[in-house]
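# Coordinate inspection notes
Here is how the chains run, residue by residue.
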Amino acid sequence: QVQLVESGGGLVQPGGSLRLSCAASGSISSFNAMGWYRQAPGKQRELVARSLRSGGRNYADSVLGRFFISRDNAKNTVYLQMNSLKPEDTAVYYCNANPDLTHDYWGQGTQVTVSS
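Just so you know, these numbers come straight off a predicted model, no measurement behind them. (Residues numbered from 1 in each chain as written. Predicted model: local features only at pLDDT ≥ 70, side-chain atom pairs only at ≥ 80, totals over all residues. Heavy atoms only, no water.)

## Things to note about the pairing of strand 5 (residues 46-52)
Put simply, the rule is: In this analysis, strands are considered paired if DSSP registers two or more bridges between them. For helices the rule is a DSSP run of H or I covering at least 4 residues; for strands it is a run of E covering at least 2, with both sets numbered from the N terminus onward.
Pairing of strand 4 (residues 33-39) with strand 5, which is carried by six bridges, proceeds in the antiparallel orientation. When the sheet's bridge partners are listed, Arg 38 is paired in strand 5 with Glu 46. Between strand 4 and strand 5, which pair antiparallel and follow one another directly, the connecting turn spans six residues, one of which, Gly 42, has a positive phi of 80°. Where strand 5 meets strand 6 (residues 57-59), three bridges bridge the pair, whose relative direction is antiparallel. Each residue of the ladder has a partner; that of Arg 50, found in strand 6, is Asn 58. What sits between the antiparallel neighbours strand 5 and strand 6 is a turn of four residues, in which Gly 55 has the positive phi angle 105°.

Printed below as a string of C-alpha cells:
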C-alpha cells in the first residue's frame, strides 16, 4: 500500500504560478510512473503530466510548455510546476502512483482555482 499526500493547491490569478507536491509513504524510485491528473466539475478525470521510470515525461496538450513535472526519488516526492495558469486549469489535482501494471494509488486531491 502506498499513501500519497498532495499539497500546494490554492487560489491564484490568471497568469500566475503554483507548485504542487506529492509525498509518497515509501520509495518511488522503482515505480513505473508517477503522475498528476485533474478533474474539473462535471468533467472526467484527465491526465495532466506523468514522469516515467525511464526518465521520460508525458504532458496533456493543454498544459504543454506551461506545466513541468519533476521527480525527486531521494525525497519520495513528485512535483508539478504550473506556470501561466488559466481559468480552465481550475480543478482538483490528484497525484497518482503506478508502481507496476497491476497497481494504482491515488492521493486525496488538492484544489487549484484560477480566478481574478
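Text resumes after the structure shown.
## A short note on the packing of aromatic side chains
Note the cut-off: Here is the rule: rings of Phe, Tyr and Trp (six-membered ring for Trp) pair when centre to centre is within 6.5 Å. Planes less than 30 degrees apart are stacked, more than 60 are edge-to-face, and the remainder are tilted. Only protein chains enter the area calculation, which uses a 1.4 Å probe; residues under 20% of their type maximum are buried, those over 50% are exposed, and those in between are partly exposed. In this scheme, the term charge over a ring applies when either NZ of a lysine or CZ of an arginine sits within 6 Å of the ring centre and within 35 degrees of the ring normal.
Evaluation of the coordinates by the stated rule reveals one aromatic pair. Measuring from ring centre to ring centre gives 5.0 Å for Tyr 37 and Trp 106, while their planes differ by 70°; the resulting arrangement is edge-to-face. You can see Tyr 37 sitting in strand 4 and its partner Trp 106 sitting in strand 10 (residues 103-106), a full 69 residues away along the chain. Residue classification places Tyr 37 among the buried residues on the basis of a relative accessible area of 18%. Taking the relative accessible area as the measure of exposure, Trp 106 reaches 35% and is therefore partly exposed. Across from the ring centre of Tyr 94, 3.7 Å away, lies the NZ or CZ of Arg 45, which sits over that ring.

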